[in-house]
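Next come the chains, spelled out residue by residue.
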Amino acid sequence: MKYYISEKALESMERECRRSPNTETGGILVGYRADQDASDDSKVIITHASGPGPESSASATHFVKDTPYLQSVLELLFQYHQVNYLGVWHKHPGDMSWPSSGDVSSAMQEIEGGTVGLQELVTPIATMNSGRVEIHPHVIRDGSALPVSWESVPHDQLPDGRSVANQWHETEAGLNRLKEEMAEFEAQDIEVEVRRGDDGTYRFHASLDDNPTRKLVLLCHADYPITPPDAALYDCPSGDYEPVDSEPLSGWDLTWRLADVCVARV
Ligand SMILES: [Zn+2]
């Protein structure tokens, strides 16, 4: 078995760990398998890692996932990219870089329960040392945790990864989300223009009340709103872009809307 992980999924885990330096956190891992005839050549490709969800709770040694939220992440990613649940990642305190016996038994319960249809769960553990995040890949199968190695690959170069390029706004779930976004812009009285990039990505050019010569440009990636938009202030006279950060972007989850990013900025 060979394991691959998108650099984007690694970045998501690192970002989530830095956001919760003093508590445990984690989320689900999603991706696909590319099985060949010889089982040694089977590939497991991790495309996405989520956070714990807005209703999760955490302490220094423990965290409880927001299961309904994670279910909606799974449903959205399946519709967009035909990817499925592969396992869970979580952060451990100190330098405990391997799954605990409790982690092994809960993973085995999930496997033996049969609902996930998997023989093993990918179960990486994150640790943090003076602000630096390390991710230690493991899988749990047959009642034990095994360290594995994985290759990290740019998101657009994943093996057999064509479906990750599919655009959110070309699916039914994505179109519903687009409608909600436009309704929220209207409710906030924000004028917005939607443009399609050459790569199929949608960019939202929102007018700002305080300065008619500047626009807030929100670029939505293929898997929006799983990944937050990239935001930049566009200065019309000079053509310059200036990156923007804000609370909705750093703590992004599916409950935020593009209009929230505009409101936070104004
Ligand atoms: Zn653990």
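Residues numbered from 1 in each chain as written. Predicted model: local features only at pLDDT ≥ 70, side-chain atom pairs only at ≥ 80, totals over all residues. Heavy atoms only, no water.

K.L.:
I'd like to hear about the nonpolar core, residue by residue, with values.
P.N.:
Ile28, Trp168, Phe204, Leu216 and Leu218 are the most contacted members of the largest nonpolar core, which totals 50 residues. Two domains share this core, each providing at least three of its residues, namely domain 1 (2-165) and domain 2 (168-265). Residue contacts for Ile28: discarding those within four places in its chain leaves His48, Ala49, Ser50, Leu70, Val73, Leu74, Tyr85, Gly87, Val88 and Trp89. Counting residues in hydrophobic clusters, the runner-up holds 20 residues, among them Leu10, Met13, Leu29 and Val139. (Core = buried A, V, L, I, M, F, W, Y, C linked by side-chain atoms within 4.5 Å. Buried < 20%, exposed > 50% of the residue type's maximum accessible area, 1.4 Å probe, protein only. Domains from an automatic or database assignment. Contact = heavy atoms within 4.5 Å.)

K.L.:
Any details on the side chain of Thr123? Residues and values, ideally.
P.N.:
By the secondary structure assignment, Thr123 is in the loop between strand E7 (121-122) and strand E8 (125-129). Thr123 gets classed as buried once you look at its relative accessible area, which sits at 2%. In terms of polar contacts, Thr123 uses its side chain to reach the backbone carbonyl oxygen of Leu121, at 3.0 Å. Filtering out sequence-adjacent residues up to four positions away, Thr123 remains in contact with Val88, Pro99, His138, Val139 and Ile140. (Helix = DSSP H or I, 4+ residues; strand = E, 2+ residues; numbered from the N terminus. Polar contact = N/O pair within 3.5 Å; in protein donor to acceptor, adjacent residues only side chain to side chain.)

K.L.:
Which residues make up the pairing of strand E15 (residues 214-220), and what are the values?
P.N.:
Taken across its seven residues, E15 has five buried, putting it largely inside the fold. Summarising the sheet, strand E14 (residues 202-207) and E15 pair through six bridges and their orientation is antiparallel. Bridge assignment links Ser207 to a residue of E15, and that residue is Lys215. The antiparallel pairing of E14 with E15 creates a hairpin that spans six residues between the two strands. With six bridges connecting them, E15 and strand E16 (residues 230-235) associate as antiparallel partners. Residue pairing in the sheet places Lys215 in a bridge with Tyr234 of E16. (Pairing = 2+ DSSP bridges.)

K.L.:
Outline the coordination of the zinc ion, supporting the account with residue identities and numerical values.
P.N.:
The zinc ion binds to the protein through His90 (NE2), His92 (NE2), Asp103 (OD) and Asp103 (OD), with metal-donor distances spanning 2.0 to 2.7 Å. Taken together, the four donor atoms coordinating the zinc ion span angles of 53 to 157° at the metal, a pattern that classifies the geometry as irregular. In terms of primary sequence, the donors binding the zinc ion are separated according to H-x1-H-x10-D. With a gap of 11 residues between them, His92 in the loop between strand E6 (84-91) and helix H3 (101-113) and Asp103 in helix H3 connect regions that are remote in the sequence. (Donors = N, O, S within 2.8 Å, 3.2 Å for Na, K, Ca; no water. Tetrahedral: all angles 85-135°; square planar, octahedral: opposite > 155°, others 65-115°.)

K.L.:
How would you explain the packing of helix H2 (residues 67-81) against helix H4 (residues 172-187) if you had to name every residue and give the values?
P.N.:
Relative placement of two packed helices is described by the angle separating their axes and the distance separating the axes. Two elements in contact, H2 and H4, have axes separated by 8 Å at closest approach and are oriented at 115°. Between H2, through Leu76, Gln79 and Tyr80, and H4, the contact on the second element is made entirely by Glu172, Ala173 and Gly174. Among the residues forming the contact of H2 with H4, the class breakdown is three nonpolar, two polar and one charged. (Axes fitted to C-alpha atoms, helices over the stretch in contact; angles between N-to-C directions. Nonpolar A, V, L, I, M, F, W, Y, C, P; charged D, E, K, R; others polar.)

K.L.:
Residue-level account of the packing of H4 against helix H6 (residues 258-265), with values.
P.N.:
Running from amino to carboxyl end, H4 crosses H6 at an angle of 30°, the nearest separation of the two axes being 8 Å. In terms of orientation, H4 lies roughly parallel with respect to H6. Residues Glu181, Glu184 and Phe185 of H4 pack against Leu258, Ala259 and Cys262 of H6. In terms of residue class, the contact of H4 with H6 is made up of four nonpolar, no polar and two charged. (Parallel < 35°, antiparallel > 145°, perpendicular 65-115°, else oblique.)

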